[in-house]
Amino acid sequence: MSFDKNKIFRTIIISIVFLSLMVFGQWYYAKNVVEKTVQRVLYQDQHVSSVEIKKEKDEIVIYLTLKDVDNLMTVYLKIQDIIERQLKTQPFKLKIVNNISPIIKDLYYDEIQFIIYEALQTGEFTQMKAQLDKIQYMESQITPKPVEIKVFIDVENLYLQIKSNEYTLYEVIKRE
């Protein structure tokens, strides 16, 4: 049995070209069709200010900047549902980009985060709410700019939003 070297060479070249076209097609579809569709659909939501989509490791990471939100929990769940419908089975992570002032940053890192995480560990959410209301009241006495602190809880997450004028901190914390 004789082997025709030209046939083998042509078969290998055709296989490489076909495989390259398939990989390129998959990349193009993921980058320009799926990601652009998700971005377009998210921009239709009135609460979304900007969207940036990146592929990191084995998942898609969606960086979202929100406009002024009254109830972070309902907005977050709605946006998460939109993304799940668009991406179907693809794994993704939703990250909120914040616009925080030094006052909000200090308030969160020096006081609020400890209260939140303690409540998540102990389950004492009414005590957490009372402490956050106290902080909000104290801040309104100290600064002329009112600070508004809201917390929402569901089975999976705790949703924290802190506002002071045009600055906001939106934080979604997983409940273990």
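A. Spatial organisation of the side chain of Thr168. The residue Thr168 is located in strand S6 (residues 167-174) in this model. Relative accessible area serves as the criterion here: at 11%, Thr168 is assigned to the buried category. Residue contacts for Thr168: discarding those within four places in its chain leaves Asn98, Asn99, Ile100, Ile104, Ile162 and Lys163.

B. Highlighting the sheet that holds strand S5 (residues 157-164). Ordered by their spatial adjacency, three strands build an open sheet running S4-S5-S6, and the pairing between neighbours is antiparallel. Edge strands, defined here as strands with exactly one partner in the open sheet, are strand S4 (147-153) and S6. Averaged over all adjacent pairs, the angle separating strand axes in this sheet is 10°, with direction ignored.

C. Fine view of the pattern of salt bridges. In this structure the tally under the stated criterion is eight salt bridges. We note a salt bridge from Lys163 to Asp68, for which the minimum N-O separation is 2.9 Å. Here Lys163, found in strand S5, pairs with Asp68, found in the loop between strand S2 (59-66) and helix H2 (72-87); they are 95 residues apart in sequence, far enough to count as distant. For Lys163, a relative accessible area of 8% puts it in the buried group. Under the relative-accessibility criterion, Asp68 is labelled exposed at 54%. For the salt bridge of Lys150 with Glu148, the shortest nitrogen-to-oxygen distance reads 3.4 Å. Overall, the relative accessible area of 23% leaves Lys150 in the partly exposed class. Connected through salt bridges with shared partners, the residues Asp68, Asp70 and Lys163 form a single ionic network.

D. Layout of the environment of Phe152. Inspection of the secondary structure puts Phe152 in strand S4. Among all residues touching Phe152, those that are not within four sequence positions of it are Asp70, Asn71, Leu72, Met73, Asn157, Leu158, Tyr159 and Gln161.

E. Summary view of the pairing of S4. Alignment of S4 against S5, held across seven bridges, turns out to be antiparallel. Within the sheet, the bridge partner assigned to Ile149 lies in S5 and is Ile162. Hairpin remark: S4 followed by S5, antiparallel, with three residues in the connecting loop.

F. Quick peek at unusual backbone geometry. Positive phi is not limited to glycine here, since Lys57 has a value of about 55°. Within the secondary structure, Lys57 is located in the loop between strand S1 (48-56) and S2.

G. Main features of the sheet that holds S2. Judged by pairing direction, the sheet is mixed, and its three strands sit side by side in the order S1-S2-S3 without closing on themselves. Of all strands in the sheet, those bounded by a partner on one side alone are S1 and strand S3 (92-97). Within the sheet, the average angular offset between the axes of one strand and its neighbour, ignoring direction, is 20°. Direction of pairing for S2 relative to S3: parallel, over a ladder of six bridges. If you follow Ile62 over to S3, its bridge partner there is Leu94. H2 rests against S1, S2 and S3 of the sheet, and its axis sits at about 145° to S3.

What counts as what
- Residues numbered from 1 in each chain as written.
- Predicted model: local features only at pLDDT ≥ 70, side-chain atom pairs only at ≥ 80, totals over all residues.
- Heavy atoms only, no water.
- Helix = DSSP H or I, 4+ residues; strand = E, 2+ residues; numbered from the N terminus.
- Buried < 20%, exposed > 50% of the residue type's maximum accessible area, 1.4 Å probe, protein only.
- Contact = heavy atoms within 4.5 Å.
- Pairing = 2+ DSSP bridges.
- Axes fitted to C-alpha atoms, helices over the stretch in contact; angles between N-to-C directions.
- Salt bridge = Lys/Arg side-chain N within 4 Å of Asp/Glu carboxyl O.

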